[in-house]
Amino acid sequence: MLNSTWSQTALIVVDFQNDFCPGGSLAVPQGDEIYPVVQDLINDFQDHDRPIVLTRDYHPFNHVSFKKRGGPWPDHCVQGTQGAEFFPQLRVPPSAAHFLKGYLEDVDAYSGFEGRLAANGSITEVTLASWLGSHDVKRLYITGLATDYCVKATAMDATSAGFDTTVITNGIKGVNVSPHDSDQALHEMQERGVHLMEWPISHG
Ligand SMILES: [Zn+2]
């Protein structure tokens, strides 16, 4: 990117967790293949000293979204399990901000904007929108899993909240319960003013 475009820009990495990658309980097909793009984005934003946000699904074992409670999904991203951890190769800078969502038993959340900042081992009341505002962020680049759920929800909320929002097309993968869900999601995002961009990997 041009130097001027880095100002007021932050990166959001959505739910790049073991349970959403192949071998996980709610695996997104080829979800692991976004790794080089996600890592390159993190490295570039770190190099430019720009804010990096990572969201995680972080459910209690008896979460309302689980099939055993009548929800749509198998158990996934349960607090304290490997499934809730980041993709193992991911190198997360110490300065990154962590937002957790779906951490209450009876509340589900797809969008990172429904999350709360985790700091010093506890979940605070700080919302993503307020955190971004306090860091003077106006532009967002979004990558992660899954295109048709949490990436879409996060991008829709971002643009609704007034952020200039770009989704990195080679840094996302979809669940595709129906074959065209991801295409449909991208179309809906564009209609709402979200930009789509392929990220040129610079670090190899
Ligand atoms: Zn979930």
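Going along each chain's sequence as written, the residues are numbered from 1 onward. Where local features are concerned, this predicted model is filtered to residues with pLDDT of at least 70; where side-chain atom pairs are given and counted, the filter is 80 or more; whole-chain, interface and lining totals use all residues. In computing side-chain properties, one takes all heavy atoms of the structure into account and sets aside hydrogens as well as water.

Glancing now at the sheet that holds strand β5 (residues 122-127). Taken together, eight strands build an open sheet; the order of strands is β5-β4-β3-β2-β1-β6-β7-β8 and the sheet is mixed. Two strands in the sheet have a free side with no partner beyond their single neighbour: β5 and β8 (195-197). Here the average twist between neighbouring strands, direction ignored, is 30 degrees. Pairs of residues are marked as contacts when any of their non-hydrogen atoms sit within 4.5 Å. Axes, fitted as lines to C-alpha atoms, cover a helix only where it is in contact. Angles between the N-to-C directions of the axes lie from 0 to 180 degrees. Every helix listed is a DSSP run of H or I at least four residues long, and every strand listed is a run of E at least two residues long, numbered separately from the N terminus. The sheet contacts of helix α4 (residues 147-160) involve β1 (9-14), β3 (97-101), β6 (139-145) and β7 (164-173), and relative to β6 the element is tilted by about 170 degrees. For two strands to be treated as a pair, DSSP must find at least two bridges joining them.

Secondary-structure assignment places Pro22 in the loop between β1 and α2 (35-47). When accessible area is computed with a 1.4 Å probe and restricted to protein chains, residues below 20% of their type maximum are described as buried, those above 50% as exposed, and intermediate ones as partly exposed. Classification of Pro22 as partly exposed rests on a relative accessible area of 46%. Residues Pro22 and Glu33, eleven residues apart in the sequence, show an inter-C-alpha distance of 9.7 Å. Residues contacting Pro22, with those up to four places away along its chain left out, are Ala27, Val28, Gln30, Gly31 and Asp32.

Coordination of the zinc ion by the protein is provided by Asp57 (OD), His59 (NE2) and His76 (NE2), with metal-donor distances spanning 2.0 to 2.1 Å. Coordination shells were defined by N, O and S atoms within 2.8 Å of each metal, extended to 3.2 Å for Na, K and Ca; water is absent from the atom set, which can make sites look incomplete. Considered as a linear motif, the donors of the zinc ion on their single chain read D-x1-H-x16-H. Of the two residues, His59 is situated in the loop between β2 (52-57) and β3 and His76 in the loop between β2 and β3; the sequence distance between them amounts to 17 residues. Accessibility classification places His59 together with His76 in one group, the buried group.

Across its 13 residues, α2 extends 18 Å between first and last C-alpha, which sits within 8% of the 18 Å expected from 1.5 Å per residue. Of all the 13 residues making up α2, ten are buried; the element is thus mostly covered by neighbouring parts of the structure. If you check which residues of α2 are buried, you get Tyr35, Val37, Val38, Gln39, Asp40, Leu41, Ile42, Asn43, Asp44 and Phe45. Just past α2, the residue Asp49 takes up positive phi, approximately 55 degrees. To estimate how far a helix should reach, multiply one less than its number of residues by 1.5 Å.

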